[in-house]
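Report on the structure
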Amino acid sequence: MTQTAPTPSPEGVFRSLEIAVLGTGIMGAAMTRNLVRAGHGVRVWNRTHATAAALVADGATATATPAEAVHEADVVLTMLHDGPATLEVMRHAAPGLRPGALWVQSATVGLDAQPAIAALAAELNVILIDAPVLGTREPAELGTLTVLAAGPEDVRATASSVFDALATRTFWTGDDAAAGSAQRLKLVANSWVLAINNAAGEVMALAQGLGVAPELFLELIDGGPLDSGYLRTKAALILEDRLAETSFGAATAAKDAELILAAAGTAGVRLDALEGARARLDRVVEDGHGDEDMAAAYRAS
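Predicted model only: the values in this text are computed from it and were never measured.

About the criteria used
Residues numbered from 1 in each chain as written. Predicted model: local features only at pLDDT ≥ 70, side-chain atom pairs only at ≥ 80, totals over all residues. Heavy atoms only, no water. Core = buried A, V, L, I, M, F, W, Y, C linked by side-chain atoms within 4.5 Å. Buried < 20%, exposed > 50% of the residue type's maximum accessible area, 1.4 Å probe, protein only. Helix = DSSP H or I, 4+ residues; strand = E, 2+ residues; numbered from the N terminus. Pairing = 2+ DSSP bridges. Right-handed = clockwise from strand over helix to strand, strands pointing away.

Bringing the nonpolar core into the picture now. Formed by 34 residues in total, the largest nonpolar core has its most connected members in Met 31, Leu 35, Leu 77, Ile 129, Val 162 and Phe 163. Sorting the residues of this core by element identifies β1 (18–22), α1 (26–37), β2 (41–45), β4 (75–78), β5 (102–105), β8 (145–150), α7 (156–166) and β9 (167–174) as the ones contributing at least two each. The biggest single contributor to this core is α1, with six residues. Of all hydrophobic cores here, the second largest spans 27 residues; its members include Leu 22, Ala 73, Leu 87 and Ala 113.

Spelled out as structure tokens, the structure:
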């Protein structure tokens, strides 16, 4: 794979846009609010209409169908669960799409779905930017996500008006969204997120099982090379019984683990630890905890 060095988004460029957001879950809702605050006109659609309707109080316009949401939109931002859902919703949106509109695809869909997404963009005569985001609920709400983006040079100024409302960093990984360079980098990053999450759950469970106060372990590593802010965030959710305060859902994490393992398998890379993390997440989802934070993998111990 040819890699392009990351470059920052163009600075000092802002244009008020008409934006449709399809998918207003944890991430999509927070992104919508930041787009409205930045001065964009935003129409939203979600499969569960009440979720989209709740954003009217924040200045967005809720719509009944994807086609209504995207009507005359300059930019369509999709933040849906996975590749199949993204393809289905964009096909429903097709009658309302403006030719030449920018499709910012921000979900983690992996590599297998990327060719079909790129083909659909060409069929619908829209310009695809592959733009998964790195970050969970809090950075999404604060507008401090990192965008990993791939797309043509000539639309990056327009895209930056969107990304600058959502993120503090934009990494351009290539010119061709269909090549999947942004998705590849996102899978690598998410493999690290899943590794820390799995380790957090296991070390908390092991400490409790051995009669060691988990807080003592956290004190032991405080400020040293073994310490980690993300470990502390996940440990706090576990120890304070706040797993219902979902930042990154367990079911979504299980989906991402499967996407990473599929990509790794194609590349001939074996990921033993991630296979274990995926198995733990699958168990907690099967036990009915899929809507809890991914730190609920702790329950698998």
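In the case of a regular strand, side chains alternate between the two sheet surfaces. Most of β2 sits inside the fold, with four of its five residues counted as buried. Both β1 and β2 contribute to a ladder of five bridges, which runs parallel. Considered in β2, the bridge of Leu 22 is made with Trp 45. The β-α-β motif built from β1, the intervening α1 and the parallel element β2 has right-handed crossover chirality. Pairing of β2 with strand β3 (residues 61–62) involves two bridges; the strand directions are parallel. The residue of β3 that forms the bridge with Arg 43 is Thr 61.

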